[in-house]
Amino acid sequence: MRLLPASGKKATQKVVVGDQDGVVTCFGIKKGEAVPVFKTLPGQKISRLELGGALNTPQEKIFVATGSEVRGFTKRGKQFLSFETNLAESIKAMYISGADLFLCASYIYNHYCDCKDQHYFLSGDKINDVLCLPVDKVNCITPVLACQDRILRVLQGSDLLYEVELPGPPTVLALSNGNGGDSGEEIVYGTSDGKLGLTQITGTQAIPRWEIGNEKKRGGILCIDSFDILGDGVKELLVGRDDGMIEIYNFESADDPVLRHDYALSESIASIQGGCVGKDGYDEILAATYSGWLTGLTTEPVHREGGSGEELKLSQEMQSKISSLRHELEQLQIKVLHEREKYQQSSQSSTAVSSVPAFSVNDKFTLNKDDASYSLILEVQTAIDNVLVQSDVPLDLLDVDKNSAVVSFSSCDSEPNSNFLLATYRCQANTTRLELKVRSIEGQYGTLQAYVTPRIQPKTCQVHQYQIKPLSLHQRTHSIDEDRPMNTLMLKGQFSFAEIHSWVVFCLPEVPEKTPAGECITFYFQNTFLGTQLESTYRKGEGYFKSDNISTISILKDVLSKEATKRKINLNISYDVNEESVRHTLKLIHPKLEYQQLLAKKVHLIDALRELQVHEGNVDFLLPKYRSILEEADQLLEEYKRQPAHLERLYGMITDLFIDKFKFKGTNVKTKVPLLLEILDGCDQDGLIAFFDAA
């Protein structure tokens, strides 16, 4: 959704929207009612809509990307351009600057000038967004690609000029202040894990200016705009997130922006714009959500000051608006009843053909670095009735605060069908978005399936599958600490570069499915639960994997040899185990273990202490540490509930570490595990390390 520039000094702006049915709709608002300007015929889904025009003139030409085609419309709705790009994939991102058109498919970037091919670039990972620095300010064409591997790629022609490392995978780019700032080089980016930042793209390097983390654990950022909504002469930053949050950041000081206002909608914000739409003289923020709602937040005072005549006028205005809405609702209800009767009659006739209603699901399955859990977000255009979640690997379902659905678990037999999880979420009326959280166990891999049933007739369901990978808790990172004690796994054999890359894709998240260009590639990873790291370097015929956690190496060895056996490839596997790495990993786990054991002890004491409190009337006679447990009881219980089986997970990791250490020596120590668990209950770090060394 975009706002067309106002035609006069005081005129309101028209809204133009491109939707999943391929329809471009343009309308204005008069007296609270939408007045259509034009509407195109349905077609292929519109993936992007941008405004363009000659440089330094009002940007009022409408360009839309559908499939591999770009079409252009005037503000009156007349089509003046139909450009078939012949790209093999659908267009995912588009940017327009004067006669220059920048298009990106999943991995391919193309630059056209007056619809003639100019430059081409193949990215190392998926491209999420593209923009170009303002040509009138920087005097050259500088395209910037936002790529899934947490990198901004700055181009010059068809060549990579340099790369900028970001704290998260960038989903959206915008020019700072709408024009790139004074220098024209400033870019604001938003990431899928909810971080926001500004970086200056100079001719030789990037200079980071500010970065805002996602302290409130809000959704990923989907759209950004700059607009002076507060009327202080400085443009604010408007941000839309995938959990329905709209945020307004104000630049009070010259440094970092400050969050001034926020507003929550119930669906993800697909686009956000600032302008004057509903009423002359009152600016507003317009947001378009996933299922097609457009919502305006206005600066117009809702409660007018003044006499009773003013109030009466307002109430009459409101009453007429309410009655027109009621009438519209009644008309819609009659239409629905009529269509339902029509469907019932046709379905009962002798020539009936049952048609399955199509609906699209916007889903996102991402690893959260903060708590080493996966978020599964499911969003449907109509209300969700229920979601059934099934998994063939052990998973913990974690609590989500925003989730109002009622969950019920079914018992499952893990033996014959390898079915470990079966849970149903029954949603309340009008829920279009559902968020779930799961935590996996590394080394156990398989598929998580979500069966989504919306409230539509006839009842229909879509199944969505998500891979739980062997090293599922690992996340891509830009670099690792080379000074840690590392274990190495070396593979040699008659395999191609594409084959070993496909094995790495199978084992680890966040690796691009496309085989990288060149002969050799290195990826770095960090375990989000423990903080251990992994370096993987491979080429045709050989692969090297280094990690400070011996269990990571053990999982890789088992999975890679299994995958090679499937393809009848003979692997020569060798490894170099560093004894010091086991102590190092234990020292990383121990503080977490100590904290969780203490939390469990405190939670077990709460009931007894509360009983004492009721019995005695006051708790002044208790020791301060017990009094503090009572004071913090609610937070402690909340935290314990949020992290079920956390302690068991840590016990499991230490047990695996113990077994893996001796597995590489060819010794089976499973009989000593009960003794190890006894030592773990004692929670003594030195005793634990001594046990590992002595065994």
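Residues numbered from 1 in each chain as written. Predicted model: local features only at pLDDT ≥ 70, side-chain atom pairs only at ≥ 80, totals over all residues. Heavy atoms only, no water.

J.: Looking at this structure, how should I read the packing of helix 6 (residues 624-631) against helix 7 (residues 633-642)?
T.: Two numbers describe a pair of packed helices, the interaxial angle and the distance between the axes. Between helix 6 and helix 7, the least distance of the axes is 4 Å, while the angle of their chain directions is 65°. Taken together, the axes of helix 6 and helix 7 lie roughly perpendicular to each other. Along its contact with helix 6, which presents Ile629, Leu630 and Glu631, the element helix 7 presents Ala633, Gln635 and Leu636. Of the residues contributing to the contact of helix 6 with helix 7, the split by class is 4 nonpolar, 1 polar and 1 charged. (Axes fitted to C-alpha atoms, helices over the stretch in contact; angles between N-to-C directions. Helix = DSSP H or I, 4+ residues; strand = E, 2+ residues; numbered from the N terminus. Parallel < 35°, antiparallel > 145°, perpendicular 65-115°, else oblique. Contact = heavy atoms within 4.5 Å. Nonpolar A, V, L, I, M, F, W, Y, C, P; charged D, E, K, R; others polar.)

J.: Where do I start with the domain arrangement of the protein chain in this structure?
T.: Interfaces are often sized by the accessible area lost when the parts come together. According to the domain assignment, the protein chain consists of domain 1 (2-210), domain 2 (216-299), domain 3 (365-466), domain 4 (474-577) and domain 5 (583-694). Computed from C-alpha coordinates alone, the two centres of domain 1 and domain 4 are separated by 37 Å. Taken together, the 10 residues of domain 1 in the interface contact 7 residues of domain 4. Looking at the side of domain 1 facing domain 4, the largest losses of area belong to Tyr107, Arg150 and Glu165, adding up to 57% of the total buried there. Here domain 1 is connected to domain 4 by 2 salt bridges. Taking the shortest distance from any N to any O, the salt bridge between Asp125 and Arg476 comes out at 4.0 Å. In this structure, the connection of domain 1 to domain 4 is made through 3 residue pairs in polar contact (both at pLDDT 80 or more). Along the lines of polarity and charge, the residues of the side of domain 1 that touches domain 4 split into 4 nonpolar, 2 polar and 4 charged. (Domains from an automatic or database assignment. Buried area = accessible area lost by both parts, 1.4 Å probe. Salt bridge = Lys/Arg side-chain N within 4 Å of Asp/Glu carboxyl O. Polar contact = N/O pair within 3.5 Å; in protein donor to acceptor, adjacent residues only side chain to side chain.)

J.: Looking at this structure, I do not really get the nonpolar core. What am I missing?
T.: One finds Val387, Ile654 and Phe692 to be the most contacted residues of the largest nonpolar core, which totals 77 residues. If we skip the residues at most four places from it in the chain, Phe692 touches Val582, Leu586, Ile654, Leu657, Phe658, Lys661, Phe662 and Leu676. (Core = buried A, V, L, I, M, F, W, Y, C linked by side-chain atoms within 4.5 Å. Buried < 20%, exposed > 50% of the residue type's maximum accessible area, 1.4 Å probe, protein only.)

J.: Is there a simple way to think about the sheet that holds strand 22 (residues 236-241) in this case?
T.: Backbone-to-backbone hydrogen bonds join strands into a sheet, with any given pair of strands oriented parallel or antiparallel. Ordered by their spatial adjacency, 4 strands build an open sheet running 21-22-23-24, and the pairing between neighbours is antiparallel. Bordering the open sheet on either side are strand 21 (221-227) and strand 24 (258-264), each of which pairs with just one other strand. Pairwise comparison of adjacent strand axes, ignoring direction, gives a mean angle of 20° for this sheet. Of the pairings in the sheet, the one linking strand 23 (residues 245-250) to strand 24 comprises 6 bridges and is antiparallel in character. Looking at the pairing, Ile248 lines up with His261 of strand 24. (Pairing = 2+ DSSP bridges.)

J.: Would you mind showing me how to read the pattern of salt bridges here?
T.: Where charged atoms from two side chains of opposite charge approach closely, those side chains can pair. Tallied over the entire structure, the rule returns 28 salt bridges. We note a salt bridge from Arg48 to Asp129, for which the minimum N-O separation is 2.6 Å. Taken together, the residues span a long stretch of sequence, with Arg48 in strand 5 (residues 46-52) and Asp129 in strand 13 (residues 127-132) at a distance of 81 residues. Asp129 carries the same exposure label as Arg48, and that label is buried. The shortest N-O distance in the salt bridge between Arg649 and Asp396 comes to 3.0 Å. You can see Arg649 sitting in helix 8 (residues 646-663) and its partner Asp396 sitting in strand 31 (residues 395-398), a full 253 residues away along the chain. Judged on exposure class, the residue Arg649 and its partner Asp396 are both buried. Ionic contacts of the salt-bridge type, sharing partners, join the residues Arg218, Arg241, Glu247 and Asp262 into one network.

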